[in-house]
Amino acid sequence: MPNGTLQHRLARREDVPALTALMEAAIGELQKPFLDGGQIAASRTIMGLDTQLIDDKTYFVIEQAGALAGCGGWSRRATLYGGDRSPGRDAALLDPAKDAARVRAMYTHPAFVRRGVGRLILSLCEDAARAEGFTAVELVATMAGLPLYRACGYQALERFADDRGGTPVPLMRMRKAL
Ligand SMILES: CC(C)(COP(=O)(O)OP(=O)(O)OC[C@H]1O[C@@H](n2cnc3c(N)ncnc32)[C@H](O)[C@@H]1OP(=O)(O)O)[C@@H](O)C(=O)NCCC(=O)NCCS
């Protein structure tokens, strides 16, 4: 099992191939206890890397002894979830005075689960959103993400299914006051 302190930095465009591989592994492996094969295949359409977050400097990479352990970020833009390949994205800027910031695209490498990577990314995101004046944050959780967000104080708002990948994938919209 990997050892050492978790380090964080902002993601860069050069990280994209490694981040894509990490996400593929996380979606394929870590959703198995929560979804069937058809739902996991459909998840690949509605999840994934949003390079806008890298360009916005709101996407974090977590490393341990030089190995990529996880990634995730936040956004001051309207899109609630999804990757570059997902339809219906909205890059409109949010208003911190009335809108909730978004938490987006959280993935932990299967070799690094339950070591606090997800919790660290959430606290980095919440601190950064708070520093820009946001007073709440919203996200759309997969069933695999739900236990993490519940443990970190997020409240469930609405359960729904996304069928854009062919098979309906259960999701939960959640919110936390900052
Ligand atoms: C969701 C995900 C990012 C969590 O990553 P993680 O780095 O393992 O989470 P952490 O170690 O920070 O977990 C913090 C707490 O969340 C809860 N938690 C996290 N994963 C859990 C699980 N599979 N089952 C139960 N509780 C869990 C626990 O309370 C945990 O604390 P503990 O380990 O001290 O008990 C990871 O499972 C993942 O990549 N899943 C697949 C991709 C995905 O669905 N991402 C979410 C998109 S919304």
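Calculation notes
Each chain has its residues counted from 1, following the order in which its sequence is written. Local features are withheld for residues below a pLDDT of 70 in this predicted model, meaning they are given only at 70 or higher, and side-chain atom pairs are given and counted only at 80 or more; totals for whole chains, interfaces and linings count all residues. To get the side-chain values, all heavy atoms of the structure are used, and hydrogens and water are removed first. The way it works is that DSSP assigns letters per residue, a run of H or I at least four long becomes a helix, a run of E at least two long becomes a strand, and they are numbered from the N terminus. For the radius of gyration, the atoms used are the C-alpha atoms, and the globule rule reads 2.2 Å times the number of residues raised to 0.38. Any two residues whose heavy atoms approach within 4.5 Å at even a single point are treated as in contact. Using a 1.4 Å probe, the Shrake-Rupley method yields the accessible areas, and only the shown protein chains count as cover for residues. One heavy atom within 4 Å of a molecule or strand is enough for the residue carrying it to be called near that molecule or strand. Residues adjacent in sequence count toward polar contacts only when both atoms are side-chain atoms; beyond that, a polar contact is any pair of N or O atoms within 3.5 Å, and within protein one must be able to donate a hydrogen and the other to accept it. Gly is placed with the polar residues, together with every amino acid not listed as nonpolar (Ala, Val, Leu, Ile, Met, Phe, Trp, Tyr, Cys and Pro) or charged (Asp, Glu, Lys and Arg). By this rule the span expected of a helix is its residue count minus one, scaled by 1.5 Å. Accessibility here uses a 1.4 Å probe with only protein chains present; expressed as a share of the type maximum, an area under 20% marks a residue as buried, one over 50% as exposed, and anything in between as partly exposed. Stacked, edge-to-face and tilted are the three classes for Phe, Tyr and Trp ring pairs, Trp counted by its six-membered ring, which pair at centre distances within 6.5 Å; planes under 30 degrees apart are stacked, over 60 edge-to-face, the rest tilted.

(A) Quick peek at the overall build of the protein chain. Along its length, the protein chain carries 5 helices and 7 strands. Secondary structure of the protein chain in N-to-C order comes out as β-α-α-α-β-β-β-α-β-α-β-β. For 178 residues, the compact-globule estimate of 2.2 N^0.38 gives 16 Å, and the protein chain sits close to it at 15 Å. In the protein chain, the share of contacts with a sequence separation of at least 24, taken over all contacts with a separation of at least 6, comes to 71%. Taken as a whole, the protein chain presents about 8400 Å² of accessible surface, with 52% of it coming from carbon and sulfur.

(B) Structural detail: the site of the ligand. Lining the immediate surroundings of the ligand are 23 residues, of which Met106, Thr108, Arg114, Arg119 and Thr142 lie closest. Between the ligand and the protein, one listed contact pairs a nitrogen atom with a backbone N or O atom of methionine 106 at 2.8 Å. In the model, an oxygen atom of the ligand is placed 2.7 Å from a nitrogen or oxygen of the arginine 119 main chain. The fraction of the free accessible surface of the ligand (930 Å²) that becomes covered by protein chains is 79%. For the shell around the ligand, the secondary structure elements donating two or more residues are helix 1 (16-30), strand 4 (101-108), helix 4 (117-131), strand 5 (136-142) and helix 5 (146-151). Per-element accounting of the shell around the ligand gives the leading share, 4 residues, to helix 5. Tallied by class, residues from the shell around the ligand come to 14 nonpolar, 6 polar and 3 charged.

(C) Expanded view of helix 4. End to end, helix 4 covers 21 Å across 15 residues, agreeing with the expected 21 Å (1.5 Å per residue, within 8%). Among all positions in helix 4, only Val117, Gly118, Ile121, Leu122, Leu124, Cys125, Glu126 and Ala129 are buried.

(D) Main features of the packing of aromatic side chains. For the structure shown, the criterion picks out 3 aromatic pairs. With 6.1 Å between their ring centres and 75° between their planes, tryptophan 74 and phenylalanine 134 make a pair best called edge-to-face. With a gap of 60 residues between them, tryptophan 74 in strand 3 (residues 67-75) and phenylalanine 134 in the loop between helix 4 and strand 5 connect regions that are remote in the sequence. Comparing tryptophan 74 with phenylalanine 134, the two get one shared label, buried. Taking the centre distance of 5.8 Å and the plane angle of 65° together, the rings of tyrosine 149 and tyrosine 154 count as edge-to-face. Here the two residues tyrosine 149 and tyrosine 154 agree in accessibility, since each one is buried.

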